[in-house]
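# Analysis of the macromolecular model
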Amino acid sequence: STISKNSLKASLLQLECHFTWTLLEQDVDLDDLEETIVNQIKFFIESNLTNYNLLSYICHLKNSNEEALRNLQKAEEVVQKHHPDEIARRSLVTWGNYAWIYYHMKQYEEAQTYVSKVENICKKLSNAAHCKTRLPEVYAEQGWALLRFGGKHFEKAKNCFENALKDEPDNADFHAGYATALYRLESLAYQYSEEVSHSSIEALKRAVELNPRDTCLMALLALKFQDLQQVDEGERYIEEAMQKTPDLPYFLRYAAKFYRRKGELCKAVKILKKALELTPNSSFLHHQLGICYRGKVFQWKKTKNSPQDQVENFIQLAIFHFKIMADQKTKFVGAHTDLAVMYALGKRYEEAEKIFQELFHRNNLSCGEKRLLYLSYGNFQRFNMKSESKAIKYYIEGLKIEKDSYLRPKCSEAVQSLLRQKFERGLGDATDFATLGLVHTLNGEKQEAIECYEKAIALDCNNEEYQNALFELRLSI
């Protein structure tokens, strides 16, 4: 009946599981995430409970509820095998997912059965009828799920692991999650030119201490040491981890990143190729290979009399790998701009233009993605199409985006260097001075902006736009 359906829905919303953690389809590429989890099930046996639970949710999002139920059965098998003394406690998320999936399949009695199972366990464990009393394992499982669904969830993921650690301060898995969340948050902060605290280094050290076999954590710690210019210390961890898990692709990808950033591109490529043999469809590995080959292109271009066929070969390799990434990760804007830039380097301008135009037509880009697009397209117009006016237009669009990121100064410097070159050649006109005035205004440099607009007005004394801009600036000082 409708009433029981409504009361069932109210009970379902009280459950703690993937369906109530606001994990939204639009935040991820579902096919890519599914493939990642299927691969990880092969390599990380101890995480299979959380992986099967998450996989059931992804299958539901992809409209295959039968497959979702099969994954929940596998999750139950993991619990029976590895936690036979804690079946109820370890099954709360699994049973919550069961309840939701049966509800979506309109099998309301089965859904109610699982709701009741969860409520009964919650009563026993916490003397509370509903399940808002949280177990540390449930907090941790939510944390790992949030980390999978993109950067906007990282802060909340960190909070989940903090809550889990309050109950079990020495739990190795909770420390691993907490350190990973901190590391990801700091990587995001760096991307947006925000203050990076580097507090993850202590968290990673503690996590490695508690998880000495977890070479992925060792690799993250190594990358953190590299960030802090302690490269030798970082390399010590990479070498030790390489001894422990020479065939774990998830460790190898980080090791390759370490050597790429160290400038040892050949070593990085060798490691990535090995990882790719183990997980042939990994878009991440293809992207990293593309970055390495792009690095080789720039290395060769700096070398005098570099053999053109060698440069051409590296351009084609970079295009090959970036294209695989772009095709697989359709929502990852960086992969598409990387591909467009390589097409431009290979003088395949029409293909580059096509990618840029497709990105400009997307209406869901973040501020950071928009600025990356404007900067990349500005560079394309400047260096490949030789159109300074178009380049300036797009650099300024990138500057107008208020949120700071490491790309903002690049937009500013690009416009200013183009305008300086024009002034040095004696070609600067009123428009150019006004443009420079706008750049200074956007950068908060009011005095410099005033001087530029005064020069613009001296060359075009009836221009109302320049006069208004100058008037506004003087008022604001």
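The name given to the protein in an unreviewed UniProt entry is IFIT5 protein, with Xiphorhynchus elegans as the source organism. Quoted verbatim from the Sequence similarities (unreviewed entry) field of the UniProt record, the comment on the protein reads "Belongs to the IFIT family."

## Structural notes on the overall build of the protein
On a plain count of helices and strands, the protein comes out with 25 helices and 0 strands. Structurally, the protein occupies a C-alpha span of about 80 × 55 × 40 Å along its principal axes. The burial tally for the protein puts 49% of its 477 residues in the buried class. Within the protein, contacts between residues separated by at least 24 positions form 59% of all contacts whose residues are at least 6 apart in sequence.

## Points about helix α2 (residues 30–43)
Given a rise of 1.5 Å per residue, 14 residues ought to cover 20 Å, and the 20 Å separating the end C-alpha atoms of α2 matches this to within 8%. Within the span of α2, buried status applies to Leu30, Asp32, Leu33, Ile37, Asn39, Gln40 and Ile41. Buried positions along α2 lie against α3 (48–61), α8 (136–148), α14 (249–261), α16 (283–302) and α17 (308–328).

## Points about the layout of surface pockets
The method is simple in principle: a probe with the dimensions of a water molecule rolls over the atoms, and the space it marks as empty is what remains. Estimates place the volume of the second largest pocket at around 160 Å³. Forming the walls of the second largest pocket are Thr431, Ala434, Thr435, Leu438, Tyr453, Glu465, Tyr466 and Ala469. Of all elements in the fold, only α23 (430–442) and α25 (464–476) reach the threshold of two or more residues within the lining of the second largest pocket. Per-element accounting of the lining of the second largest pocket gives the leading share, 4 residues, to α23.

## Topic: the UniProt feature "repeat: TPR" (unreviewed entry) in the protein
Per the UniProt record, "repeat: TPR" (unreviewed entry) is annotated on residues 249–282 and 430–463. In residues 249–282, the share of helix is 79% and the share of strand is 0%. The end C-alpha atoms are 10 Å apart.

## Structural notes on the environment of Tyr349
On the secondary structure map, Tyr349 appears in helix α19 (residues 349–360). For Tyr349, a relative accessible area of 29% corresponds to the partly exposed category. Note: C-alpha distance between Tyr349 and Phe225 (124 residues apart in sequence) is 40 Å. Not counting chain neighbours up to four residues away, the residues in contact with Tyr349 comprise Ala344, Phe380, Asn384 and Met385.

## As for the nonpolar core
Residues Leu12, Leu15, Ile238 and Phe251 are the most contacted members of the largest nonpolar core, which totals 127 residues. Beyond its immediate sequence surroundings of up to four residues, Phe251 is in contact with Thr215, Cys216, Ala219, Ile238, Ala241, Met242 and Thr245.

## Some remarks on helix α12 (residues 215–227)
Between the first and last C-alpha of α12 there are 18 Å, a value that for 13 residues agrees with the 18 Å anticipated at 1.5 Å per step. The element α12 is extensively covered by neighbouring structure, given that 12 of its 13 residues are classed as buried. Listing the buried residues of α12 in full gives Thr215, Cys216, Leu217, Met218, Ala219, Leu220, Leu221, Ala222, Leu223, Lys224, Phe225 and Gln226. Here α12 starts with a cap whose side-chain oxygen sits 3.1 Å from the backbone nitrogen of Cys216, and that cap is Asp214. Backbone geometry just downstream of α12 places Gln229 in the positive-phi region, at approximately 65 degrees.

## Focus on the environment of Asp432
Position of Asp432 relative to the elements: it lies in helix α23. Asp432 sits in the buried class, given a relative accessible area of 6%. C-alpha of Asp432 to C-alpha of Tyr453: the two residues are 21 residues apart in sequence and 9.8 Å apart in space. The residues touching Asp432, leaving out its near neighbours within four places in the chain, are Leu419, Lys422, Phe423 and Leu427.

## Digging into unusual backbone geometry
Phi is mostly negative for residues that are not glycine, and the peptide bonds are mostly trans. A positive phi angle, close to 65 degrees, is found at Asn63, a residue other than glycine. Mapped onto the elements, Asn63 comes out in the loop between α3 and α4 (65–82). In this structure, Lys106 is a non-glycine residue whose phi angle is positive, near 65 degrees. Here Lys106 shows up in the loop between α6 (92–104) and α7 (108–126). In this structure Lys106 comes out as exposed when scored by relative accessible area, which is 62%.

## Section: the packing of α8 against helix α10 (residues 172–191)
In the contact formed by α8 and α10, the axes pass within 10 Å of each other and the chain directions differ by 30 degrees. With respect to each other, α8 and α10 are oriented roughly parallel. Between α8 and α10 lies a crossing whose hand is left-handed. Mapping the contact onto sequence places Pro136, Glu137, Ala140, Trp144 and Leu147 in α8 and Asp173, Phe174, Ala176, Gly177, Thr180, Ala181 and Arg184 in α10. Within the contact of α8 with α10, the residues separate by chemical class into 7 nonpolar, 2 polar and 3 charged.

## As for the packing of aromatic side chains
Counted by the stated rule, this structure contains 24 aromatic pairs. Pairing Tyr98 with Tyr102 gives two aromatic rings, centres 6.1 Å apart and planes at 10 degrees, and the pair type is stacked. Note that Tyr98 and Tyr102 are positioned in helix α6 at a spacing of 4 residues, about one turn of the helix. A relative accessible area of 15% means that Tyr102 is categorised as buried. Between Tyr102 and Tyr114 the ring centres are 6.0 Å apart and the planes differ by 20 degrees, which places this aromatic pair in the stacked class. Here the residue Tyr102 occupies a position in helix α6, and Tyr114 occupies one in helix α7, the gap between them amounting to 12 residues. Judged by relative accessible area, Tyr114 falls into the buried class, the value being 15%. Here the aromatic cluster, defined as three or more aromatic residues joined through ring pairs, consists of Tyr349, Phe356, Phe360, Tyr374, Tyr377, Phe380 and Tyr394. Against the face of Tyr139 rests Arg134, its NZ or CZ located 4.0 Å from the ring centre. The ring of Tyr237 carries Arg236 above its face, with NZ or CZ at 5.0 Å from the centroid.

Reading the values: rules and limits
Residues numbered from 1 in each chain as written. Predicted model: local features only at pLDDT ≥ 70, side-chain atom pairs only at ≥ 80, totals over all residues. Heavy atoms only, no water. UniProt positions renumbered as here; feature names shortened; annotations may be inferred. Helix = DSSP H or I, 4+ residues; strand = E, 2+ residues; numbered from the N terminus. Buried < 20%, exposed > 50% of the residue type's maximum accessible area, 1.4 Å probe, protein only. Contact = heavy atoms within 4.5 Å. Expected span 1.5 Å × (residues − 1). 1 Å grid on protein atoms, 1.4 Å probe; cavity = no way out; pocket = protein on both sides within 12 Å on 5 of 7 lines; lining within 4 Å. Points joined across faces, edges and corners; volume = space filled by probe spheres on them. Core = buried A, V, L, I, M, F, W, Y, C linked by side-chain atoms within 4.5 Å. Polar contact = N/O pair within 3.5 Å; in protein donor to acceptor, adjacent residues only side chain to side chain. Axes fitted to C-alpha atoms, helices over the stretch in contact; angles between N-to-C directions. Parallel < 35°, antiparallel > 145°, perpendicular 65-115°, else oblique. Left-handed = near helix turned anticlockwise from the far one by under 90°. Nonpolar A, V, L, I, M, F, W, Y, C, P; charged D, E, K, R; others polar. Phe/Tyr/Trp six-rings, centres within 6.5 Å; stacked < 30°, edge-to-face > 60°. Lys NZ or Arg CZ within 6 Å of the ring centre and 35° of its normal.

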